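Listed below, chain by chain, are the residues.
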Amino acid sequence: MEKGPKHAADGRPPLLLLPGTACDRRIFQPLIDRLGDYPVIVGDMTGGRTMPDLARSVLAAAPPVFLLAGFSLGGICALEMVAQMPHRVAKLALIDSTARPDLPANAEIRRRAVERARTMGMDTFIIDGWERLVAPVNIGDVGLREEIVAMARDCGPDNLETQAEAAIHRADSRPRLAAIGIPTLVLAGEHEQICPIEAQYEIANGIAGANLQLIANAGHFAPLENAEAVALHIDRWLKGA
């Protein structure tokens, strides 16, 4: 967890950002750059091999009260954090994420991907599924692909394994959605294939008053594919009542 202020000088609670699998601060950098002076902390997503343990690890390092935004695996962790300590989270944003449990068949697929990354390199984790990760218009964007691959390389197979286990060992958060009573924003690329669009509607319909926005020209990596649109919605969420 990055060190950050408990509150801004003007009393604003910090925004805690949780990256997804094989990602780091770079997934949010275009957003951070557009938020001006808003206090931001990026969480450490390597602190547990189950989702409850990972959530406890992030909460232990977090400020007493904060706004919470999670991308992909980070969004799954965010839902677990809200379930564990709802009084500490003032607002919630879920970006290209899901409330669904992992399918039993996914365990073998995830562990096989980790082993392939160990033997063939971390590039395979991104390149093997590239056409499902981004919108059709972005498939040929070499710079985007290299940025995402660079994050995966820096993550490394050991952290990838830990994150894979956390993804496998997670709860079905759908029954818990109705208990969430804080302002919630749900964002997803309109071409999302990893956390399907139906899963976005499940979250938005399950949380009273949740605001769902689909991001044009974006797939799973919406924060990098269409940073302007993501930042626009996050800024409105931050400033809303």
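In short, a report on the structure. (Residues numbered from 1 in each chain as written. Predicted model: local features only at pLDDT ≥ 70, side-chain atom pairs only at ≥ 80, totals over all residues. Heavy atoms only, no water.)

### Comments concerning the overall build of the protein
A count of helices and strands for the protein gives ten helices and six strands. Taking 2.2 N^0.38 as the reference for a compact globule, 241 residues should give roughly 18 Å; the C-alpha atoms of the protein span a radius of gyration of 16 Å, in line with that estimate. Its C-alpha atoms put the protein at 50 × 35 × 35 Å along the principal axes. Side-chain charges of the protein comprise 24 positive and 30 negative groups, with the mean position of each set lying 5 Å from the other. (Helix = DSSP H or I, 4+ residues; strand = E, 2+ residues; numbered from the N terminus. Rg over C-alpha atoms; globule rule 2.2 N^0.38 Å. Lys, Arg positive; Asp, Glu negative; His and termini not counted. Charge placed at Lys NZ, Arg CZ, Asp CG, Glu CD.)

### Quick word on the pairing of strand S1 (residues 15–18)
Of the two faces of S1, the one holding Leu-15 and Leu-17 and the one holding Leu-16 and Leu-18 are both buried throughout. Relative to strand S2 (residues 40–42), S1 runs parallel, the two sharing three bridges. Bridge assignment links Leu-17 to a residue of S2, and that residue is Val-42. After leaving S1, the chain enters helix H1 (residues 29–34) and then returns to the sheet as S2, a path that is right-handed. Of the pairings in the sheet, the one linking S1 to strand S3 (residues 66–71) comprises four bridges and is parallel in character. Opposite Leu-18, over in S3, you have Gly-70 as the bridge partner. (Buried < 20%, exposed > 50% of the residue type's maximum accessible area, 1.4 Å probe, protein only. Pairing = 2+ DSSP bridges. Right-handed = clockwise from strand over helix to strand, strands pointing away.)

### Observations concerning the sheet that holds strand S4 (residues 89–95)
Taken in spatial order, the six strands line up as S2-S1-S3-S4-S5-S6 in an open sheet, and their pairing is parallel. Edge positions in the sheet fall to S2 and strand S6 (211–215), since each has one partner strand and no second. For this sheet, the mean inter-axis angle between neighbouring strands, taken without regard to orientation, is 20 degrees. Bridge count for S4 against strand S5 (residues 184–189) is four bridges, and the pairing is parallel. The partner of Leu-92 across the bridge, within S5, is Thr-184. Across the sheet, helix H3 (residues 73–84) touches S1, S3 and S4, and the angle it forms with S3 is around 140 degrees. (Axes fitted to C-alpha atoms, helices over the stretch in contact; angles between N-to-C directions. Contact = heavy atoms within 4.5 Å.)

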